[in-house]
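Analysis of the macromolecular model
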Amino acid sequence: MNNCDVLLINCPITFEFHLNVLGDQRYWPPLGLMYLAAMLERKNVKVKIIDPAIEKMVLSEIIQTIDSAKPTVVGLSSLTSSLRTCVQIAKAIRARYGHSIKICIGGSHISADPDFYNRFQLFDVAITGEAEITFTDVAVRFLQGEKIFGIIKGETIKQLDEIPFPARHLVNLEKYQCFLEKEMGIITSRGCPFKCNFCSRPAVSKRYRMRSSDNIVDEMEIWYRKGWKNFYFLDDILTMNRKHVMNLCDEIIHRGLNVKWGSNTRADCVDGELVKKMAAAGCRAMLYGVESGNTRIRNEVIGKGVSEKKILEAIRITNKNNIVSGMFLMMGFPTEGKKELKDTIKFASKADPSVIGVHLTKPMPGAKIYYQAIKEGVIPDNTIDLYAQGEMGEGFVENWPVYIPKGMTKKKLEQYKKIAILLFYFRPRWLFKNAGRYMKNKNLFWFDFNKAISIFLRGQSRESMS
Ligand code: B12
Ligand code: SF4
């Protein structure tokens, strides 16, 4: 690798790649780092990105890369799940180069737990929240020889159209796996104003902002012309603003882009007319965060605030428009017992989406349930540090503790999860509905078959998100 000023590293979950741990699914190139890189390039800073999980690059190879690239600044992007390698990389850099290389940490974890910077004393600077403006400023000042230390709050960009498109040329796009066909991840809005108490997402950005439809479709069109026909909008809630999505769909239709796309949203943010328009603009999959089929758990305990009626209606209109409907469900919430878990299982069949994903709740820093779990003694109060020091073993999904409600055990929760999946997918109605799809697309059959095997053998499918 040639010399560069700034080297950005997407920290993997582990360097023990042979263990093939869950949670490190490499479907999407690191959008956050590609945005930071685009901003740096705009300032003529020479920047590189490495994604060790994709390159199967172990620690010694990262150090060799640093030896030859000679960056002044190394930027580490870390989710809670990848804290362990983030610490390993920072320690290795300090051991070899002392403070001559400046280390910045950013991403979801540090935004939720800025004090990590003080506890580990490995980084020059920690930037919380969105970082396009602040990191660019810090990196340029480092390059000018300035000494900067401490935790800095990232400045949130108000006008998203002002940011350049992600620097995708800095990663090897072909190496990222997609579900079935080559698919590109794009983000059309940022920020989530909701306060679901199992979710740490608002720690990065709460204020909801949107890109203009012109700006989004300009980005899509560049890749469309290069042969990318499938897109996934990685927004937390694509349809948060109805007009935003209507305009986006109109623009896709107006430019005649023959694309297929999917996204995630909340069931109370769609209606019949909107979903019909989305289908006309190429929407083929819409995944809803439903979490629980029990109204008390969903609305009183975890603060989701979506009625059963809205969920049933959202799934119905999605199915009616021939869009694959998905429902994310979770098990293991405070006060959740047998009755509530059974309600979730029954609700999945009642709503009848095309697919469900069921996950056990992992309390994540930044989410209310994490602090509640510590207070109740459900998880150790030094969970983060134990994990980051590698004292919990390799793998996040495998080792990060789950929330176990009183009277439950992890084993029982896992059994309920398997039952939920079994009862949902082995219904005659589901099999009948999907037989045609499988006959048309054998790859899809093998994909789902492998997923089913994975769930039964490992209790988790590889594309699980929670
Ligand atoms: C796409 C996605 C994935 C993809 C790719 C991840 C990736 N590296 O991009 C896949 C499917 C692989 C994935 C997997 C997982 N994910 Co995920 N994922 C997302 C999602 C939906 C979008 C990420 C994105 O592109 N955001 C848009 C960009 C612009 O924002 P950003 O990445 O946060 O980057 C900005 C800042 O964070 C900051 N920043 C980022 N890196 C750096 C580095 C430096 C040096 C600096 C200064 C700043 C900085 O600046 C960026 C630009 O403003 C987010 C939710 C979300 N909306 O962000 C969840 C999210 C990041 N995922 C999450 C989780 C929990 C997981 C899994 C653990 C799930 C699981 N059980 O398996 C795994 C872990 C994977 C891993 N390798 O560690 C959580 C993380 C929570 C936490 N406390 O860490 C999130 C926030 C979802 C949530 N609702 O809680 N995920
Ligand atoms: S679950 Fe979805 S709606 Fe709720 S806080 Fe997280 S991102 Fe926002």
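What counts as what
- Sequence order sets the numbering: in each chain, residues are counted from 1 along the sequence as written.
- Each chain gets a letter, beginning with A, and each ligand a number, beginning with 1, in the order they are written.
- Reporting of local features is limited, given that this is a predicted model, to residues whose pLDDT is at least 70; pairs of side-chain atoms are given and counted only at 80 or more, and all residues count toward the totals for whole chains, interfaces and linings.
- Computation of side-chain values: all heavy atoms of the structure, hydrogens and water removed.
- Helix numbers and strand numbers start at the N terminus; a helix is a DSSP run of H or I with at least 4 residues, a strand a run of E with at least 2.
- Two things to know: the radius of gyration comes from C-alpha atoms, and the globule rule equals 2.2 Å times the number of residues to the power 0.38.
- Burial here depends on accessible area, computed with a 1.4 Å probe over protein chains only, as a share of the maximum for the residue type. Under 20% is buried, over 50% is exposed, and the range in between is partly exposed.
- Shrake-Rupley sampling with a 1.4 Å probe provides the accessible areas, and residues are treated as covered by the protein chains on show and by no other component.
- Counting rule for charge: Lys and Arg are taken as positive, Asp and Glu as negative, and neither His nor the chain ends is counted.
- Every charge is mapped to an atom, namely NZ of Lys, CZ of Arg, CG of Asp or CD of Glu.
- If even one non-hydrogen atom of a residue comes within 4 Å of a molecule or strand, that residue is called near it.
- We call Asp, Glu, Lys and Arg charged. Ala, Val, Leu, Ile, Met, Phe, Trp, Tyr, Cys and Pro are nonpolar, and the rest, Gly among them, are polar.
- Every axis corresponds to a line fitted to the C-alpha atoms, with the helix fit spanning only the stretch in contact, and the corresponding angles, defined between N-to-C directions, vary from 0 to 180 degrees.
- Each angle is binned into one of four classes, with values under 35 degrees roughly parallel, values over 145 roughly antiparallel, values of 65 to 115 roughly perpendicular, and all other values oblique.
- Left-handed describes a crossing in which the near helix is turned anticlockwise from the far one by less than a right angle; the clockwise case is right-handed.
- Pairs of residues are marked as contacts when any of their non-hydrogen atoms sit within 4.5 Å.
- Two strands form a pair only when DSSP identifies at least two bridges running between them.
- The handedness of a crossover follows from its direction of travel: if, with the strands pointing away from the viewer, the path from the first strand over the helix to the second runs clockwise, the crossover is right-handed.
- Pairs of N or O atoms within 3.5 Å make up the polar contacts considered here, provided that, within protein, one atom can donate a hydrogen while the other can accept it, and that residues adjacent in sequence are counted only when both atoms are side-chain atoms.
- To obtain the arc, one takes the directions from the helix axis to the C-beta atoms.
- Boundaries between domains were set according to an automatic or database domain assignment.
- As used here, buried area is the combined drop in accessible area, with a 1.4 Å probe, of two parts when they are placed together.

Along the backbone of the chain there are 19 helices and 14 strands. Taken against the 2.2 N^0.38 rule, which gives 23 Å for 466 residues, the C-alpha radius of gyration of the chain at 22 Å falls within 12% of a compact globule. Dimensions of the chain, computed from C-alpha atoms along their principal axes, come out at roughly 65 × 55 × 40 Å. Here the chain, with 466 residues, has 57% of them falling under the buried criterion. Accessible surface for the chain amounts to roughly 20400 Å². Of this, 54% is attributable to carbon and sulfur atoms. One way to put it: in the chain the 68 positive side-chain charges average out to a point 4 Å from where the 49 negative ones average out.

So, on to the site of ligand 2. Residues in close proximity to ligand 2 include Cys192, Phe194, Cys196, Phe198, Cys199, Arg201, Pro202, Asp236, Ile237, Arg266 and Lys304, which together make up its full environment. When its residues are assigned to classes, the shell around ligand 2 shows seven nonpolar, no polar and four charged.

So, on to the environment of Ala167. Looking at the element boundaries, Ala167 is found in the loop between strand 6 (150-153) and strand 7 (183-186). Distance from Ala167 to Met34, taken between C-alpha atoms, is 4.7 Å for residues 133 residues apart in sequence.

With that out of the way, let us pick up the packing of helix 3 (residues 59-69) against helix 4 (residues 83-97). Direction vectors running N to C along helix 3 and helix 4 enclose 50 degrees, while the axes themselves pass 10 Å from each other. If you check the angle between helix 3 and helix 4, you find them oblique. The two elements helix 3 and helix 4 meet at a crossing, and its hand is right-handed. Between helix 3 and helix 4, the contacting residues are Leu59, Ile62, Ile63, Ile66 and Asp67 on the first element and Gln88, Ile89, Ala92, Ile93, Arg96 and Tyr97 on the second. Partitioning the contact of helix 3 with helix 4 into residue classes produces eight nonpolar, one polar and two charged.

Before going further, it helps to examine unusual backbone geometry. Despite not being glycine, Lys70 shows a phi value in the positive range, around 45 degrees. Structurally, the position occupied by Lys70 is in the loop between helix 3 and strand 3 (73-77). For Lys70, a relative accessible area of 54% puts it in the exposed group. Phi is positive for Glu291, close to 70 degrees, though the residue is something other than glycine. You can see Glu291 is positioned in strand 12 (residues 283-291).

Quick look at the pairing of strand 10 (residues 230-233) now. Of the two faces of strand 10, the one lined by Asn230 and Tyr232 and the one lined by Phe231 and Phe233 are each fully buried. With four bridges joining them, strand 7 and strand 10 adopt parallel strand pairing. Bridge pairing in strand 10 links Gly185 to Tyr232. The pairing of strand 10 with strand 11 (residues 260-265) spans four bridges and is parallel. For Phe233, the partnering residue across the bridge sits in strand 11 and is Ser263. In the classification by handedness, the crossover that spans strand 10, the intervening helix 9 (residues 242-254) and the parallel strand 11 is right-handed.

On the secondary structure map, Asn319 appears in helix 12 (residues 308-320). In this structure Asn319 comes out as partly exposed when scored by relative accessible area, which is 24%. Beyond its immediate chain neighbours, meaning those up to four positions away, Asn319 contacts Ser325, Asp352, Pro353, Ser354 and Lys433. A polar contact of 2.6 Å, which involves the side chain of Asn319, links it to the side chain of Ser325.

In this section: the environment of Arg209. Here Arg209 is to be found in strand 9 (residues 209-210). A sequence separation of 101 residues divides Arg209 from Ser108, and the C-alpha atoms of the two residues are 18 Å apart. Discounting residues that sit within four places of it in the chain, Arg209 has contacts with Glu130, Thr156, Ile157, Lys158, Leu160, Ser189, Arg190 and Gly191. Engagement of the side chain of Arg209 in a polar contact is seen with the backbone oxygen of Ile157, the distance being 2.9 Å.

In this section: helix 10 (residues 272-280). Where helix 10 is concerned, the buried positions are Leu274, Val275, Met278 and Ala279. Around the axis of helix 10, the buried residues are gathered within 135 degrees of arc, so they sit on the same side. In this structure, helix 10 carries Glu273, Lys276 and Ala280 as exposed residues pointing more than 90 degrees from its buried face. Where helix 10 is buried, its residues touch helix 9, strand 11, strand 12 and helix 12.

Here we come to the side chain of Thr383. If you trace the backbone, Thr383 turns up in helix 15 (residues 383-388). Relative accessible area serves as the criterion here: at 0%, Thr383 is assigned to the buried category. Setting aside residues up to four positions removed in sequence, Thr383 forms contacts with Tyr370, Met392, Trp400 and Pro401.

Next up on the list: the domain arrangement of the chain. Each assigned domain of the chain is listed with its residue range as follows: domain 1 (6-153) and domain 2 (162-458). For domain 1 versus domain 2, the distance between C-alpha centres works out to 27 Å. Taken together, the 42 residues of domain 1 in the interface contact 47 residues of domain 2. When the two sides are added together, the surface that domain 1 and domain 2 hide from each other amounts to roughly 4000 Å², 63% of it contributed by carbon and sulfur.

Strand order in this open sheet of six strands is 7-10-11-12-13-14, and the pairing throughout is parallel. Each edge of the open sheet is held by one strand with a lone partner, namely strand 7 and strand 14 (355-360). Averaged over all pairs of adjacent strands, the angle between their axes in this sheet comes to 20 degrees, without regard to strand direction. Here helix 8 (residues 213-224) sits on the sheet in contact with strand 7 and strand 10, set at roughly 150 degrees to strand 10.

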